[in-house]
Amino acid sequence: MHYLRAHKLLRLKHIYDFYYKTAAELTNNLTTLQVVTTSLLVVLFIHTFTCIWLVTLIATSPVNFIRTMKMHLIDEDTPQSRWDYITSLYLVISELTGTGGDEIHISNIFPMAILALCLICGKMLAAIVVATSIQIAYSTKYALNSYEMRTEELICVLKNQGLSDYQYQKFWKYVRQLWVNERGRQLPELLAKTPYVLRCDLMNAMFGHHIRNCYLFSDTGEPFLRQLSAALNYTVFFPGNYIVVAGDSEARMFWVASGTVSVVSVRVDLTETTHESLGPGDAFGMLQGLNRGVSHYFSYRAETKVGILTLNLDSWINIVSFFPHAQKIISERSEVLFAQI
């Protein structure tokens, strides 16, 4: 009847799936997870070999001849007993750890094969334990642990400033989604630390085409666009997140780098009307990004996962004074936009 329950071992797949799912999620301590998983695997490994050994010996040689110490040096009689789980566990652990000796006497081929396998697997098990120990020692350098630690520090600061539980849950949900989708690679930290000239080249190569195709900045000259692109910020929004809410007056321009953004208006009864959908390359908030205090008339909501480029007025207003030709073009075209409104 015990053999008929062997298919229950397939349930171990749930543990495997749980580990990989949990290891990819934020808010799960990766170090603790690795320690618990490694300990569980070692226990499961030893238990499995113990059961295999016990079943095999009961089927072939139900009586064992085993000395837990070298009693044969003073006693020629070999103690005999029937195999049980504790004896099998002692034998398997002694073989896996390489401390086994001549305390057991076997002559059948199957037990010998199991012992040989135990000796080989013991070395592999030791390597796994050592490797996991090294990983745990360097766990503070993992991207997930670093990301989680910095996020928790930020949340502690926000909670000390009076962040409500509702906003806390929204912020934490966003952080988890950000990790699952981006793995902390939104904009590499290396890019922020590169020399200014190299950062201009990189940002211009990645995002320069958005401002180059913009009505305000086209024809302002490549030198100006190159430096302007270095002032861009990249942010990720998930479905349902509001990028801008009607009434906001932040001096910032927006470009859709990827995904779909809906332009909506909210009525008094809190129902929404969708006026337009924006895709990659589209821009909004041009007038608001040129002047302080100009509020948005519509709200902008992410329909899919959206990558948004933003350009703050304070980050480039001092740069344009060194490019008189570009400053003149921007001034003329901004007046055209105001006239159209």
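Computed from a prediction, not measured in an experiment: that's the story for all the values here.

Cut-offs and rules
- Along each chain, the written sequence defines residue order, and numbers are assigned to residues from 1.
- With the structure being a predicted model, the display of local features is reserved for residues of pLDDT at least 70 and the display and counting of side-chain atom pairs for 80 or more, all residues being used for whole-chain, interface and lining totals.
- Computation of side-chain values: all heavy atoms of the structure, hydrogens and water removed.
- Here, a strand pair is defined by DSSP locating no fewer than two bridges between the strands.
- Runs of E in the DSSP output that reach at least two residues are strands. Runs of H or I that reach at least four are helices, and both are numbered from the N terminus.
- UniProt positions are given in the numbering used here, feature names are shortened, and annotations may be inferred rather than shown by experiment.
- By definition here, a salt bridge exists when the distance from a side-chain nitrogen of Lys or Arg to a carboxyl oxygen of Asp or Glu is within 4 Å.
- The classification of residues rests on relative accessible area computed with a 1.4 Å probe and restricted to protein chains. Under 20% of the type maximum is buried, over 50% is exposed, and intermediate values are partly exposed.
- Lines are fitted to the C-alpha atoms to define the axes, a helix being fitted only along its stretch in contact, and any angle between axes, read from their N-to-C directions, falls within 0 to 180 degrees.

> Lay out the sheet that holds strand 3 (residues 233-237) in plain terms, naming residues and giving numbers.
Overall, antiparallel pairing links the four strands, which are arranged 3-10-5-8 in an open sheet. Edge positions in the open sheet fall to strand 3 and strand 8 (283-284), since each of these has one partner strand only. As paired elements, strand 3 and strand 10 (residues 306-312) share five bridges and run antiparallel to each other. Bridge assignment links N233 to a residue of strand 10, and that residue is T310.

> Can you lay out the UniProt feature "transmembrane region" (unreviewed entry) in the chain for me, pointing to particular residues and giving the numbers?
With numbering matched to this structure, UniProt assigns "transmembrane region" (unreviewed entry) to residues 40-63 and 114-138. What you have in residues 40-63 is 88% helix and 4% strand, and the ends, taken at the C-alpha atoms, are 31 Å apart.

> Mind laying out the pattern of salt bridges, listing which residues take part and the relevant values?
Under the counting rule described, the total for this entry stands at seven salt bridges. Within the structure, one salt-bridge network assembled from shared partners comprises E272, R301 and E303.

> Could you give me a rundown of the pairing of strand 5 (residues 252-258), with the residues and numbers involved?
The buried fraction of strand 5 amounts to five of the seven residues, a majority that puts the element mostly inside the structure. Sheet topology places strand 5 next to strand 8; two bridges connect them, and they run antiparallel. By the bridge assignment, W255 is partnered in strand 8 with A283.

> Can you lay out the sheet that holds strand 4 (residues 242-244) for me, pointing to particular residues and giving the numbers?
Spatial ordering of the open sheet is given by 4-9-6-7, a layout of four strands whose pairing is antiparallel. Single-partner strands in this sheet number two, and they are strand 4 and strand 7 (272-278). Strand-to-strand twist across the sheet, computed as the mean angle between neighbouring axes with direction ignored, equals 35°. With six bridges connecting them, strand 6 (residues 261-266) and strand 7 associate as antiparallel partners. The partner of V266 across the bridge, within strand 7, is E272.

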